[in-house]
Amino acid sequence: MATELTVPASTLPDVAPIQRRTLRLLFGTQIIGGIGVTIGLSVGALLAARVAGTAVAGLAQSAGVVGAALLAIPVTRVMTGHGRRPGLVLAYLVGAVGGVLVVLAAATGWVPLLFLGMLLFGGGTAANLQARYTAVDLAEPARRARQLSLVVWATTIGAVAAPNFAALADRVTHGWGLPALSGPFAFSAAAFVLAAAVLLVLLRPDPLLTARRLAPAATGSPAATGPRAAGMRAAWRVVAVRPAARLGIAAVAVGHLVMVAVMTMTPVRLGESHADVDVLRVVGIVLSLHIAGMYALSPVVGWLTDRVGRRAVILGGVGTLLAACAVAGTAGHHTPLLSVGLVLLGLGWSGTMVAGSTLLSESVPTGVRPSVQGLSDLTMGLAGAGAAAASGFVVRMAGYPTLTLLAAIAVVPLVALALRPAPPSGAPDEED
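These numbers come from a predicted model, not from an experiment.

A. Structural context of empty space enclosed by the protein. By the definition in use, this model includes three cavities of 30 Å³ or more. Taken as a whole, the largest cavity holds about 620 Å³ of empty space. What lines the largest cavity is a set of 34 residues, among which Val37, Leu41, Thr125, Met294 and Tyr295 lie closest to the centre. Going through the elements one at a time, α1 (15-52), α2 (57-82), α4 (111-134), α5 (144-174), α9 (243-271), α10 (276-295), α13 (335-361) and α14 (369-398) are the ones with two or more residues in the lining of the largest cavity. For the lining of the largest cavity, the per-class residue count stands at 19 nonpolar, 14 polar and one charged.

B. Spatial organisation of the nonpolar core. Grouped together as the largest cluster of nonpolar side chains are 56 residues, with contacts concentrated most on Leu345, Tyr400 and Leu414. Put simply, the parts of the chain that give this core at least two residues each are α5, α9, α10, α12 (310-329), α13, α14, α15 (400-409) and α16 (412-418). Those residues in contact with tyrosine 400 that lie beyond four places of it in its chain are Val262, Met265, Thr266, Arg269, Ala328, Leu338, Leu342 and Val395. Counting residues in each nonpolar core, the second largest holds 44 residues, with Met79, Val103, Met118 and Ala169 among its members.

C. Region of interest: the packing of α4 against helix α6 (residues 183-202). Relative orientation of the contacting elements α4 and α6 amounts to 40°, with a least axis distance of 11 Å. Between α4 and α6, the angle falls in the class oblique. Along this stretch, α4 crosses α6, giving a crossing that reads as left-handed. Listed contacts from α6 to Met118, Phe121 and Gly124 of α4 are Phe185, Ser188 and Phe192. Among the residues making up the contact of α4 with α6, the classes are represented as four nonpolar, two polar and no charged.

Basis of the calculations
- Position labels on residues start from 1 in each chain and follow its written sequence.
- Side-chain atom pairs in this predicted model are given and counted only at pLDDT of 80 or more, local residue features only at pLDDT of at least 70, and totals for whole chains, interfaces and linings cover all residues.
- To get the side-chain values, all heavy atoms of the structure are used, and hydrogens and water are removed first.
- Grid points spaced at 1 Å and placed over the protein atoms alone form the basis of the search, with a cavity being a set where a 1.4 Å probe fits but cannot get out and a pocket an open set showing protein on both sides within 12 Å along at least five of seven lines. Lining residues have an atom within 4 Å of a point.
- Grid points are joined across faces, edges and corners, and a volume is the space filled by probe spheres set on the points.
- Secondary structure follows DSSP: runs of H or I at least 4 residues long count as helices, runs of E at least 2 residues long count as strands, and numbering of each begins at the N terminus.
- When residues are sorted by character, Ala, Val, Leu, Ile, Met, Phe, Trp, Tyr, Cys and Pro go into the nonpolar class, Asp, Glu, Lys and Arg into the charged class, and all the rest, Gly among them, into the polar class.
- To qualify as a nonpolar core, a set must consist of buried Ala, Val, Leu, Ile, Met, Phe, Trp, Tyr and Cys residues joined through side-chain atoms within 4.5 Å.
- Burial classes follow relative accessibility: with a 1.4 Å probe on protein chains only, a residue under 20% of its type's maximum area counts as buried, one over 50% as exposed, and anything between as partly exposed.
- By the convention used here, residues are in contact when the closest approach between their heavy atoms is within 4.5 Å.
- Axis definition: a line fitted to C-alpha atoms, over the contacting stretch in the case of helices. Angles run 0 to 180 degrees between N-to-C directions.
- Reported orientations rely on four angle classes, namely roughly parallel under 35 degrees, roughly antiparallel over 145, roughly perpendicular from 65 to 115, and oblique for the rest.
- Put simply, a crossing is left-handed when the front helix is turned counterclockwise from the back one by less than a right angle, and right-handed when it is turned clockwise.

Nothing here speaks to function; it is geometry throughout.
Following this line, the structure appears as structure tokens:
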């Protein structure tokens, strides 16, 4: 019996129209998913501070980051066995359940339920992150970074606007009897369900399964798609012998760590100098600018990554992160200057995310690629979770400027790794 890995080459599909359709679909669902993730996270620290106290506000935010990281394991395992579509749908639906639980926690004041809800809410982030890899499955080598960055950029449309909808969502749901600051999470849950439904119906044929069908025809050998390629241990073995893959994972993880550490406590910093009646509006504006920095110029970052190289863009992203920490750390309570720092923070994150993700994806075999990408998202999520968890305590004990200084110091190992000489031409590559 013929299977997806034994189909004759003459019957393989034309990749170009499938890739165009996939990119259009991902573009649309990233808008929806971006709204879902950002409208909730924009008030997450404030809600957590009111329910559980300022000292653990960062811990509640970190629960969402940990959730995204841990969910990368089952989601990528589903993708390895069944394709991108069921994995993305699963992640979005878990995120929707998390949003509902956060609303219930706000209504009951039960802190453990809040943490569980934030943990599962990370499913929305996991889905949005995995979507960028979905864009690479069928991309031409010379256009990988640009097409990955296009999907990242799509998040801009929803994510930039979402924080400014938080106050509206809160007012609307307050009329339904929901507690203050919980309404955005109800809207997030609805957005995740919509994104899951669209992908379930329309993401056909599956780009990852299609890429696997093409791999044997292109290389003349079977693709590494069996169960042994599905686990984190197998992924780590592949990454361990590939310096480029290690650099890709490190760039994504460190850039995310710095961004999460500074961004998580910025709403609390703004709350110190603005009254309750204004704080949601001010936080919405500042976070919108930050998210614009993360996503709006990602196509330019992708173009530069394809033109000047992955390492050069990673180093540029690191330099921008250092500038962001310097500006935000010295801004005091000057909101416009703090906004500039947050924009730079987003730009630096974009450089490390786009270039690092592209470098990682093209450095490993097709069969193990989902697991390696899951390992990267797990590492990134745990790094961000640690930063978010520590950020509240650092701000409480030493202040926001000290937090930005520690975040800047964290990029030093990445600089050393990126400046190491490139591996020789005989090093393992993606078709090994």
